Amino acid sequence: MKPNRHSLRVLALLLGYPHAELRAHLPELIEAIDAEAAIPAPRRDEIRALASELAKRDSFEIEARYVETFDRGRSTSLHLFEHVHGDSRDRGPALVDLTQTYEKAGLFLSPEELPDHLCVVLEFASTQPAQLAHDFLGEMAHILTLIFSGLQKKGSPYAALVAAVLELSGQKVQAVHIEPEETMDESWAEPEAFGGCSTKGQARPDATQPIHIVRKTAATAPGVTA
């Protein structure tokens, strides 16, 4: 199996926030993945096109697009466990388990880093032997496929980076159906006045609503003691 340490490290960097320092080193990053040649050549061409766009466009536009792509909506979130656990309590134990996996391998995160962020996952994989990295990322292929599909649906050039991760883990790159997400306006919409408790709760006043009658017993009647 080809070494892929440099390629994984480059993908981790390119999936990170596109600050000025990162954009200043784009030529070296592309040179590194070309030299290692672990990523298929057609995919490297797509990554090269993304790097060229990051280099030539206005920094404010690039950074705003990054936030819009990855921080607005769950389908393209780089936090892997959001795609599995959402905001449920199950995410906490999963994060702890992943952190322990890193620490056993000698990788310790700073307090502000979450272990399920794809950049962190790739950084960890880049420290492992090629076969272990291949198997580790392969276990997350179904999540990576969801992210790739979300990015492709948005027409984002960042889809090439996630596709490259899938290829390095020996997976077929194939988009799957993504359910439409609520817009921010829909999820925060207030109900109409006197229109019910919430848009997803009580029915509208002109709709049929069930009535539950509970018989009041002497033991529960006001002013009566047992």
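Because the structure is predicted, anything quoted here is derived from the model rather than measured. (Residues numbered from 1 in each chain as written. Predicted model: local features only at pLDDT ≥ 70, side-chain atom pairs only at ≥ 80, totals over all residues. Heavy atoms only, no water.)

Trainee: Explanation requested: helix H1 (residues 5–14) in the structure shown.
Mentor: In an α-helix there are 3.6 residues to a turn, and that puts residues three or four apart on one side. If you check which residues of H1 are buried, you get Ser7, Leu8, Val10, Leu11, Ala12 and Leu14. Those residues of H1 hidden inside the fold are in contact with helix H3 (26–36), helix H4 (41–56), helix H8 (118–125), helix H9 (130–138) and helix H11 (159–168). (Buried < 20%, exposed > 50% of the residue type's maximum accessible area, 1.4 Å probe, protein only. Helix = DSSP H or I, 4+ residues; strand = E, 2+ residues; numbered from the N terminus. Contact = heavy atoms within 4.5 Å.)

Trainee: Help me understand the nonpolar core in this model?
Mentor: As a rule of thumb, nonpolar side chains are buried together in soluble globular proteins. Core analysis: the largest hydrophobic core is formed by 54 residues, its most contacted members being Leu11, Leu15, Ile47, Leu118, Leu122, Phe136 and Tyr158. Take this core: its biggest share by element is 9 residues, from H11. (Core = buried A, V, L, I, M, F, W, Y, C linked by side-chain atoms within 4.5 Å.)

Trainee: What is the right way to look at the packing of aromatic side chains in this model?
Mentor: Summed over all chains, the structure comprises 6 aromatic pairs. With a centroid separation of 4.7 Å and 40° between ring planes, the pair formed by Tyr102 and Phe124 is classed as tilted. Here Tyr102 is found in helix H7 (residues 91–104), whereas its partner Phe124 is found in helix H8, with 22 residues between them in sequence. You'll find Tyr102 and Phe124 in the same group, each marked buried. Between Phe124 and Phe136 the ring centres are 5.0 Å apart and the planes differ by 70°, which places this aromatic pair in the edge-to-face class. On the criterion of sequence distance, the pair formed by Phe124 in helix H8 and Phe136 in helix H9 is long-range, its members being 12 residues apart. By relative accessible area, which is 5% here, Phe124 ends up buried. Look at Phe136 and you get buried, because its relative accessible area is 13%. Counting every residue linked through ring pairs, the aromatic cluster contains Tyr17, Tyr66, Phe70 and Tyr158. (Phe/Tyr/Trp six-rings, centres within 6.5 Å; stacked < 30°, edge-to-face > 60°.)

Trainee: Where do I start with the environment of Asp45 in this structure?
Mentor: For Asp45, the position within the fold is in helix H4. The spacing of Asp45 and Ile30 is 15 residues in sequence and 9.6 Å in space, taken between C-alpha atoms. A distance of 2.8 Å separates a polar atom in the side chain of Asp45 from a polar atom in the side chain of Arg48. (Polar contact = N/O pair within 3.5 Å; in protein donor to acceptor, adjacent residues only side chain to side chain.)

Trainee: Quick question: what am I supposed to make of H3 here?
Mentor: Every buried residue of H3 is listed here: Leu26, Leu29, Ile30, Ile33 and Glu36. Seen from one end, H3 has its buried residues packed into an arc of 135°, which puts them on one side. Of the residues in H3, the exposed ones pointing more than 90 degrees away from the buried face are Pro27, Glu31 and Ala35. As for H3, its buried residues are in contact with H1, helix H2 (20–24) and H4. At the C-terminal side of H3, Ala37 shows a positive phi close to 55°. (Arc of directions from axis to C-beta.)

Trainee: What is the right way to read the confidence of the model for the protein from this model?
Mentor: Should the pLDDT be low somewhere, the predicted coordinates at that spot are not to be read in detail. Taken residue by residue, the protein gives an average pLDDT of 83. The fraction at 70 or more is 78%. Below pLDDT 50 for its whole length, residues 183–189 participates in 2 contacts with residues either more than four positions away or in separate chains. Note that pLDDT drops below 50 for residues 207–214; the model gives that stretch 3 contacts with residues more than four away or on any other chain. (pLDDT = per-residue confidence, 0-100.)

Trainee: How should the side chain of Thr69 be read in this particular structure?
Mentor: Of note, Thr69 is situated in helix H5 (residues 59–70). With relative accessibility at 7%, the residue Thr69 sits in the buried group. A distance of 2.7 Å separates a polar atom in the side chain of Thr69 from the backbone oxygen of Arg65. Aside from chain neighbours lying at most four places away, what touches Thr69 is Thr76, Leu151, Lys154 and Ser156.

Trainee: I would appreciate a short explanation of the environment of Leu29 in the present structure.
Mentor: Mapping Leu29 onto the fold places it in helix H3. A relative accessible area of 11% places Leu29 in the buried class. Placed 20 residues apart in sequence, Leu29 and Arg9 show a C-alpha to C-alpha distance of 9.1 Å. With sequence-adjacent residues up to four places away left out, Leu29 is seen in contact with Val10, Leu13, Leu14 and Leu22.

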